[in-house]
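Listed below are the residues making up each chain.
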Amino acid sequence: MDKLIITGGGPLDGEVRISGAKNAALPILAATLLASSPVMVRNVPHLHDITTTMELLGRMGVELVVDEKLNVEVNPTTINSFVAPYELVRTMRASILVLGPMLARYGESDVSLPGGCAIGSRPVNLHINGLRAMGADIEVEGGYIRARAKRLKGTRLFMDMVTVTGTENLLMAATLAEGTSVIENAAREPEVVDLANFLISMGAKITGHGSDTITIEGVDELSGSEYSILPDRIETGTYLVGAAISGGRVKVKNTRPDLLDAVLSKLQEAGGKVSTGEDWIEVDMQGRRPRAVDIHTAPYPAFPTDMQAQFSALNAVAEGSGTITETVFENRFMHVQELVRMGANIRVEGNMAVINGVEKLQGAPVMATDLRASASLVLAGLVAEGETVVDRIYHIDRGYECIEEKLQQLGAHIRRKPD
Ligand code: EPZ
């Protein structure tokens, strides 16, 4: 397995360009299944999860043409199978996102039940309950979700918990249902809004996306369209934390400052001078050591759980003591033990980590357990004394396009060691 070798150094300084958002590209590629003619999706990030999704669609007979700029033309009309097999779904839980569109468009869909992962059990009961409420006949047997429906019926869908992909699956399914659906307690993440905008570009009738109540008036057919994915706010936040943790200056381009209010205010609290333009954000620490901040994760627009691990690394070397409270997932402190092995002073009590900043971390061999935990270990390695070797970085390749090249542009001493 590839490893990343990082030698701790001075402040990062430079500019990086942000890729399309992984968590918008995944539902949007799944949503192409709803179309009755070819669809062009632009600004798709070059990530392992995207490759897996394209392999999954290809396995179902969908034709995909990818150009060198990773614009993807999808022709869903050639589909010849409605099964999302275990060997693909187990490598990427987000495969569950084909369930809603396939069922709505073709009346049948067999999707392997996604397993849990390092950060939690991550059940999909809300996806299944919602589709059943829309009239689907769903059996869960032999590790598969087997769903059938002549035509889904619009209805009121109250979500017990805010779920991003749960909202997305039901939003997609409702676009072709008979009658009107209202999703209450819906997720408000920008990626949900991007998916809704994509569906509208195909002719869907949706209002309220971005709020906690989304109304969808079912239509008979959705046509192909051309759409460009929004920038990745978590990739953006990760590189900005790179500036904060190293006392440096980083400008991220091709991004959207309005997607990161909660993160930018915490970076300011940590001592960063934050400036923004229409499609760029700069954090300049002016050589100062960051100040510790308190983080409390919750659904958008609150502080995103996907930025929690990165801020754990920031607090590990900050001045003072900060607390990190994780309220979305039940086991998202896997990075803490690895940071402690690098000399961090962190105590976990239930869903809260209390972090007392230390002057310097020590480089060490560490292991990535999930996508954002990997990012936090890389960030810690950038400022640790000596060499840090991050193992199992297939996690990081799922969500960060060319991370070592982008960090090298910022002056980091990082290289990939293929195994
Ligand atoms: C999405 O996961 C993202 N993935 C995650 O990003 C992100 O961390 C998460 O939303 C929260 O923002 C994609 O969009 C592909 P949830 P998702 O359903 O939809 C519980 C990354 O790093 N729940 O919003 O799977 C669940 O267990 C990844 O890019 C149920 O109980 O998350 C969790 O505790 C990691 N039953 C909470 O809700 C359900 O049916 C929120 O999960 C669904 C969810």
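Residues numbered from 1 in each chain as written. Predicted model: local features only at pLDDT ≥ 70, side-chain atom pairs only at ≥ 80, totals over all residues. Heavy atoms only, no water.

Asker: Please explain the overall build of the protein as it appears in this structure.
Answerer: A tally of helices and strands in the protein yields 14 helices and 24 strands. Its C-alpha atoms give the protein a radius of gyration of 21 Å, within 12% of the compact-globule value 22 Å for 419 residues. Burial analysis of the protein (419 residues in total) assigns 58% to the buried set. Restricting to contacts in the protein with at least 6 residues of sequence separation, those with at least 24 account for 73%. By element, 48% of the accessible surface of the protein is carried by carbon and sulfur atoms, the whole surface being about 15700 Å². Looking at the protein, you have 40 positive and 53 negative side-chain charges, and the mean spots of the two groups are 2 Å apart. (Helix = DSSP H or I, 4+ residues; strand = E, 2+ residues; numbered from the N terminus. Rg over C-alpha atoms; globule rule 2.2 N^0.38 Å. Buried < 20%, exposed > 50% of the residue type's maximum accessible area, 1.4 Å probe, protein only. Contact = heavy atoms within 4.5 Å. Areas by Shrake-Rupley, 256 points an atom, 1.4 Å probe, with all protein chains shown as cover. Lys, Arg positive; Asp, Glu negative; His and termini not counted. Charge placed at Lys NZ, Arg CZ, Asp CG, Glu CD.)

Asker: Is there a simple way to think about the layout of surface pockets in this case?
Answerer: Gaps left between atoms are located by rolling a probe of water-molecule size over the structure's atoms. As a volume, the second largest pocket reaches approximately 320 Å³. In terms of lining residues, the second largest pocket is bounded by 18 residues, among which Arg17, Ile18, Ser19, Asn43 and Asn254 are the most central. (1 Å grid on protein atoms, 1.4 Å probe; cavity = no way out; pocket = protein on both sides within 12 Å on 5 of 7 lines; lining within 4 Å. Points joined across faces, edges and corners; volume = space filled by probe spheres on them.)

Asker: It is not clear to me how the environment of Gly248 should be interpreted in this structure. Could you clarify?
Answerer: As for its placement among the helices and strands, Gly248 is situated in the loop between α8 (233-246) and β15 (249-253). By relative accessible area, Gly248 is classed as buried at 5%. Between the alpha carbons of Gly248 and Asp13 there is a distance of 5.6 Å; along the sequence they are 235 residues apart.

Asker: Help me understand helix α1 (residues 22-31) in this model?
Answerer: Given 3.6 residues per turn, any residue in an α-helix points the same way as the ones three and four places further on. Counting buried positions along α1 yields 9 of 10 residues, so the element is predominantly enclosed. Considered for burial, the residues of α1 that qualify are Lys22, Ala24, Ala25, Leu26, Pro27, Ile28, Leu29, Ala30 and Ala31.

Asker: Help me understand empty space enclosed by the protein in this model?
Answerer: Tallied over the full model, the rule gives 2 cavities of 30 Å³ or more. Taken together, Thr7, Gly8, Gly9, Gly10, Leu12, Ser246, Leu382, Gly411, Ala412 and His413 make up the full set of residues lining the largest cavity. Here the lining of the largest cavity is built from residues that sort into 3 nonpolar, 7 polar and no charged. What lines the second largest cavity is Leu26, Ala30, Thr53, Leu56, Met92, Ala94, Ser95, Leu97 and Val98. Elements represented by at least two residues in the lining of the second largest cavity include exactly α1 and α2 (48-59). Its residues placed into classes, the lining of the second largest cavity shows 7 nonpolar, 2 polar and no charged. (Nonpolar A, V, L, I, M, F, W, Y, C, P; charged D, E, K, R; others polar.)

Asker: When you look at the sheet that holds strand β14 (residues 226-228) in this model, what are you seeing that I'm missing?
Answerer: Strand pairing in a sheet relies on backbone hydrogen bonds, with the paired strands running either antiparallel or parallel. Overall, mixed pairing links the 4 strands, which are arranged β4-β5-β3-β14 in an open sheet. If you trace the sheet from one side to the other, it starts and ends with β4 (63-66) and β14, each paired once. Looking at each pair of strands side by side, their axes are set apart by 20° on average, direction ignored. Most of the contacts of helix α7 (residues 190-201) go to β14, to which it runs at about 165°, and overall it touches β3 (39-42) and β14. (Pairing = 2+ DSSP bridges. Axes fitted to C-alpha atoms, helices over the stretch in contact; angles between N-to-C directions.)

Asker: Please explain the UniProt feature "active site" (unreviewed entry) in the protein as it appears in this structure.
Answerer: The UniProt entry lists Cys117 under the feature "active site" (unreviewed entry), expressed in the numbering used here. Among the secondary structure elements, Cys117 is positioned in the loop between β7 (108-112) and α5 (125-133). (UniProt positions renumbered as here; feature names shortened; annotations may be inferred.)

Asker: Where do I start with the site of the ligand in this structure?
Answerer: For the ligand, the set of nearby residues contains 22 residues, the closest of which are Asn125, Thr163, Thr165, Asp306 and Val328. At 3.1 Å from an oxygen atom of the ligand is found a side-chain nitrogen or oxygen belonging to Arg122. Here Arg332 contributes a side-chain N or O atom positioned 3.4 Å from an oxygen atom of the ligand. For the ligand, the accessible surface in isolation is 840 Å², of which the surrounding protein chains cover 89%. Residues of the shell around the ligand, tallied by class, amount to 10 nonpolar, 6 polar and 6 charged. (Near = heavy atom within 4 Å. Polar contact = N/O pair within 3.5 Å; in protein donor to acceptor, adjacent residues only side chain to side chain.)

Asker: What should I look at first to understand the sheet that holds strand β19 (residues 321-325) in this one?
Answerer: As summarised here, the arrangement of the 4 strands in space is β18-β19-β21-β20, forming an open sheet in which the pairing is mixed. The open sheet terminates on both sides in strands that have one partner only, identified here as β18 (295-296) and β20 (345-349). Where β20 lies against strand β21 (residues 352-356), 5 bridges are found, and the strand directions are antiparallel. Opposite Asn345, over in β21, you have Asn356 as the bridge partner. Running at roughly 165° to β19, helix α10 (residues 308-316) makes contact with β18, β19 and β21 of the sheet.

Asker: Explain the environment of Ala292 here, please?
Answerer: Of note, Ala292 is situated in the loop between β17 (280-284) and β18. A residue is classified by how much of its surface remains accessible, and Ala292, at 18% relative accessible area, is buried. Along the primary structure Ala292 and Val162 are separated by 130 residues, whereas in three dimensions their C-alpha atoms are 29 Å apart.

Asker: Hey, could you run me through the packing of aromatic side chains in this one?
Answerer: Aromatic ring pairs are defined here through the distance separating the ring centres and the angle between the ring planes. Counted by the stated rule, this structure contains 3 aromatic pairs. With 5.0 Å between their ring centres and 25° between their planes, Phe82 and Tyr106 make a pair best called stacked. Taken as a pair, Phe82 in the loop between β5 (72-75) and β6 (83-84) and Tyr106 in helix α4 (residues 99-106) lie far apart in primary sequence, 24 residues in all. The positively charged end of Lys251 is found above the aromatic ring belonging to Trp280, 4.4 Å away from the centroid. (Phe/Tyr/Trp six-rings, centres within 6.5 Å; stacked < 30°, edge-to-face > 60°. Lys NZ or Arg CZ within 6 Å of the ring centre and 35° of its normal.)

Asker: Got a minute to help me understand α2 in this structure?
Answerer: When the terminal C-alpha atoms of α2 are compared, their 16 Å separation across 12 residues agrees well with the 16 Å that a helix rising 1.5 Å per residue should span. Among the residues of α2, Asp49, Ile50, Thr52, Thr53, Met54, Leu56 and Leu57 are the ones counted as buried. Those residues of α2 that are buried lie in contact with α1, β4, β5, β6 and α3 (86-89). Gly61 lies just past α2 and shows a positive phi near 95°. (Expected span 1.5 Å × (residues − 1).)

Asker: What is the right way to look at the environment of Ala187 in this model?
Answerer: Residue position: Ala187 is located in the loop between β11 (180-184) and α7. Between the C-alpha atoms of Ala187 and Ala25, which are 162 residues apart in sequence, the distance is 17 Å. Excluding residues that lie within four positions of it along the chain, Ala187 makes contacts with Val162, Thr163, Val164, Thr167, Val192, Ser211 and Ile214.

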